[in-house]
Amino acid sequence: MTPQDEELLAELLLQWEELFERGQDTPASELASDRRDLIAELASRIEIMKTTGWMDDADDENMTDEFSDSAPSPPRRTLNGQFRLDDLIAEGGFAQVFRGHDLKLGRDVAVKMPHPSRVGSTEHFLAEARRVAKFDHSNIVPVFYADIDGETCFIVSKCIEGGSLADRIASGSIAAATAIRWITEIAGALDYAHLQGVIHRDVKPANILIDHEEKALLADFGIAQPAITTGQLAPSFGTLRYMAPEQLRDTADLRSDIYSLAVVLHEALTGKRPYSSDEPNSLRREITQAGPTIAPTIPEPIARVMAKALAKSPHARHASAAAFSRDLHTAWESHRRGVIGPAILPWIIGIGSASGIVALALMLLMRPAGNPPHGPPIGLPAPPKESPDDTKAMPAPQPNEAFALRRRGLAYGRSREFPKAIADLERAIELMPASKELPEELATIYAIRSHERFYGGDFEGSRKDMDAAIRYAPASSSNYRRRAACWFELGEYEKSLADMTDAITRDPKNADLYGLRAIALRKLGRNDEAAQDDSKSKELGR
């Protein structure tokens with residue numbers, strides 16, 4: 001089929017949709033009466049539009065987004081005697097998502113089921129479960145279990161309590177650095193999925209969840225499709241407001257996901273998508289013909305990267321999500337250097353001493369070893385070039401050589417030999433008890449190990465490491481926030497609340513902290529106080 005035929009089909013679909021919204025279901029044979037060769041293809045696409053119209057309904061903001069608290073609670077039901085369904089937290093035309101509880105393992109979960117109005121969905125759901133279950137990436141919501149109860153197929157995944165990016169955008173409290181970091185994290189998740197041969201096809205804020213560590217995770221691979229190796233592109237669905245132009249012609253590849261992620265980035269930075277209309281027909285024309293308009297408030301280096309990702313032709317976009325992530329990181333660093341002087345940079349990123357910069361170099365390690373980032377996290381310096389192997393040539397330090405112990409301890413930390421790093425730094429502190437820098441550096445080592453244990457599921461071990469981090473750096477707000485996340489995962493909501501309050505006491509103008517404390521308050525049934533914290537978070541985020 002020629003490009004001209006594709007354009008004609010897109011126009012005919014627009015005509016059909018306009019008539020359909022007026023109550024006229026015009027047959028393909030009438031719309032394409034002068035192009036009999038296109039009737040069969042047009043009829044097929046009209047059927048797809050009918051069955052998937054819920055995906056691109058411009059009013060679906062009125063639906064319940066992923067993991068929101070506004071949906072009504074259905075009667076409780078238990079699947080396979082193990083998974084109790086509690087609250088309905090998301091619902092679309094195809095599926096429902098419940099907050100549930102695993103009665104055997106004693107943990108909260110998310111349970112996804114086909115909508116009662118959908119039949120014959122078992123194979124579709126099992127295919128989704130198989131796709132995601134093989135993924136092993138820290139920025140993709142993990143699937144725990146999938147099964148059939150009677151005639152109902154269901155998928156059980158981790159319950160992410162921090163809400164969605166859509167919730168954060170609605171609150172208007174996202175700092176630019178935070179938005180950039182979340183988008184680069186999701187770009188990493190997409191790159192991983194693409195390398196596994198899977199295209200997501202529905203990247204949007206409601207499908208990006210934020211956990212208690214303020215990390216972004218990609219959810220809902222329900223309409224994802226494997227890339228077809230014959231050169232044909234997978235049939236496409238999606239949500240109209242985030243779709244790439246080629247998706248409206250029923251084609252998609254990995255560059256379509258990059259386009260969608262760039263639309264999400266624009267919305268996260270400005271609160272608005274790069275289009276002037278939400279009316280379906282006008283929006284379709286903007287996507288396929290006029291193209292997006294990038295807001296002038298977006299910094300020029302970021303706007304350049306965004307413009308490339310939003311190119312009408314897929315061939316003009318980044319070749320991979322990893323390339324998009326690298327360009328975005330570079331652009332942000334360029335912008336940041338232009339507006340932030342080196343003298344105040346340590347305060348912007350939360351460290352107020354020269355030794356903190358050394359500690360920050362270690363924070364680059366705070367990711368699971370299997371999922372390295374594409375470049376250092378936003379706002380953090382690259383680690384020193386010194387290799388841990390240099391320690392092999394270093395003679396064993398004498399007991400009074402605190403400096404040598406410190407140097408070797410930091411090298412052990414960079415190589416993730418945490419017990420050795422801790423032993424060396426603790427001994428150095430004994431030799432130099434008046435040092436202010438050494439306790440901060442040791443606290444950082446404990447925080448790094450805590451992070452790795454947390455994402456490995458060892459919440460108790462992670463909590464104990466944060467106990468030590470707080471002991472050595474009691475003024476750090478972020479240490480209390482991290483321990484609060486551990487208590488939350490352990491079900492100790494009162495202790496989580498106490499730590500979040502301590503974090504706020506140390507950093508009372510941090511909007512995110514109030515939003516996170518609201519989550520713990522809701523778990524304890526203190527909804528009025530949670531609402532006050534939500535209001536405070538929005539006020540500070542303006």
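For clarity, every value in this text was computed on a predicted model and none was experimentally measured. (Residues numbered from 1 in each chain as written. Predicted model: local features only at pLDDT ≥ 70, side-chain atom pairs only at ≥ 80, totals over all residues. Heavy atoms only, no water.)

Chemist: Break down the overall build of the chain for me, with residues and values.
Modeler: Summing up its helical and strand segments, the chain has 20 helices and 10 strands in all. Out of the 542 residues belonging to the chain, those deemed buried represent 53%. Relative to all contacts within the chain whose residues are 6 or more apart in sequence, the contacts with residues 24 or more apart total 60%. Here the chain displays about 24,100 Å² of accessible surface, and carbon together with sulfur accounts for 52% of that area. (Helix = DSSP H or I, 4+ residues; strand = E, 2+ residues; numbered from the N terminus. Buried < 20%, exposed > 50% of the residue type's maximum accessible area, 1.4 Å probe, protein only. Contact = heavy atoms within 4.5 Å. Areas by Shrake-Rupley, 256 points an atom, 1.4 Å probe, with all protein chains shown as cover.)

Chemist: Outline helix α7 (residues 254-270), listing residues and values.
Modeler: With 17 residues, α7 extends 25 Å from end C-alpha to end C-alpha; this agrees with the ideal 24 Å at 1.5 Å per step. Counting buried positions along α7 yields 14 of 17 residues, so the element is predominantly enclosed. Of the residues one or two after α7, G271 is the one with positive phi, at around 85°. (Expected span 1.5 Å × (residues − 1).)

Chemist: How would you summarise unusual backbone geometry if you had to cite specific residues and measurements?
Modeler: Despite not being glycine, R201 has its phi angle at roughly 75°, a positive value. Along the chain, the position of R201 falls in the loop between β7 (198-199) and β8 (208-210). At E214, a position not held by glycine, the phi torsion is positive, near 60°. Tracing the backbone through its elements, the reader meets E214 in the loop between β8 and β9 (216-218). A relative accessible area of 5% means that E214 is categorised as buried.

Chemist: So what's going on with the nonpolar core? Which residues, and what values?
Modeler: As a rule of thumb, nonpolar side chains are buried together in soluble globular proteins. Ranked by internal contacts, the top residues of the largest apolar core, which has 52 residues, are I302 and F324. Elements that contribute at least two residues to this core include exactly α5 (165-171), α6 (176-195), β8, β9, α7, α8 (280-290), α9 (300-309) and α10 (321-339). In terms of residue count, α6 provides more of this core than any other element does, 10 residues in total. Not counting residues up to four positions away in its chain, the partners in contact with I302 are I180, L265, L269, L328, A331 and W332. The next biggest cluster of nonpolar side chains, apart from the first, holds 20 residues, and it includes Y412, F418, A428 and M466. (Core = buried A, V, L, I, M, F, W, Y, C linked by side-chain atoms within 4.5 Å.)

Chemist: Talk me through α8; I want residue IDs and the actual numbers.
Modeler: Of all the residues in α8, the buried ones are P280, N281, L283, R284, E286, I287 and T288. The opening residue of α8 is E279, an N-cap whose side-chain oxygen sits 3.2 Å from the backbone nitrogen of N281. (Polar contact = N/O pair within 3.5 Å; in protein donor to acceptor, adjacent residues only side chain to side chain.)

Chemist: So what's going on with the sheet that holds strand β3 (residues 95-102)? Which residues, and what values?
Modeler: Overall, antiparallel pairing links the 6 strands, which are arranged β1-β2-β3-β4-β6-β5 in an open sheet. Each edge of the sheet is formed by a strand with only one pairing partner; in this case those strands are β1 (77-79) and β5 (143-149). With direction set aside, neighbouring strand axes in the sheet form an average angle of 40°. Pairing analysis gives 3 bridges linking β1 to strand β2 (residues 83-91), with the strands arranged antiparallel. The partner of R77 across the bridge, within β2, is L85. (Pairing = 2+ DSSP bridges. Axes fitted to C-alpha atoms, helices over the stretch in contact; angles between N-to-C directions.)

Chemist: Give a description of the confidence of the model for the chain that names residues and reports values.
Modeler: Considering every residue of the chain, the mean pLDDT works out to 76; 74% of them sit at 70 or more. Long-range and interchain partners of residues 51-74, a stretch whose pLDDT sits below 50, account for 67 contacts in this model, where long-range means more than four residues apart. (pLDDT = per-residue confidence, 0-100.)

Chemist: Tell me about the packing of aromatic side chains, and name the residues and values.
Modeler: Tallied over the entire structure, the rule returns 7 aromatic pairs. Taking 6.3 Å as the distance between ring centres and 10° as the angle between the ring planes, the aromatic pair formed by Y446 and Y472 counts as stacked. Pair noted here: Y446 is in helix α15 (residues 437-455) and Y472 is in helix α16 (residues 459-472), with a separation of 26 residues, a long-range link. Three or more aromatic residues link up through ring pairs in this structure, and these residues are F83, Y145 and F154. For the cation-ring pair, R107 lies above F144, with the distance from its terminal atom to the ring centre recorded as 3.9 Å. (Phe/Tyr/Trp six-rings, centres within 6.5 Å; stacked < 30°, edge-to-face > 60°. Lys NZ or Arg CZ within 6 Å of the ring centre and 35° of its normal.)

Chemist: Got a sec to walk through the side chain of H266? Specific residues and values, please.
Modeler: Checked against the element boundaries, H266 lands in helix α7. Residue H266 is classed as buried on the basis of its relative accessible area, which comes to 2%. Excluding residues that lie within four positions of it along the chain, H266 makes contacts with G271, K272, R273, P274, T293, I294, A295, I298 and M306.

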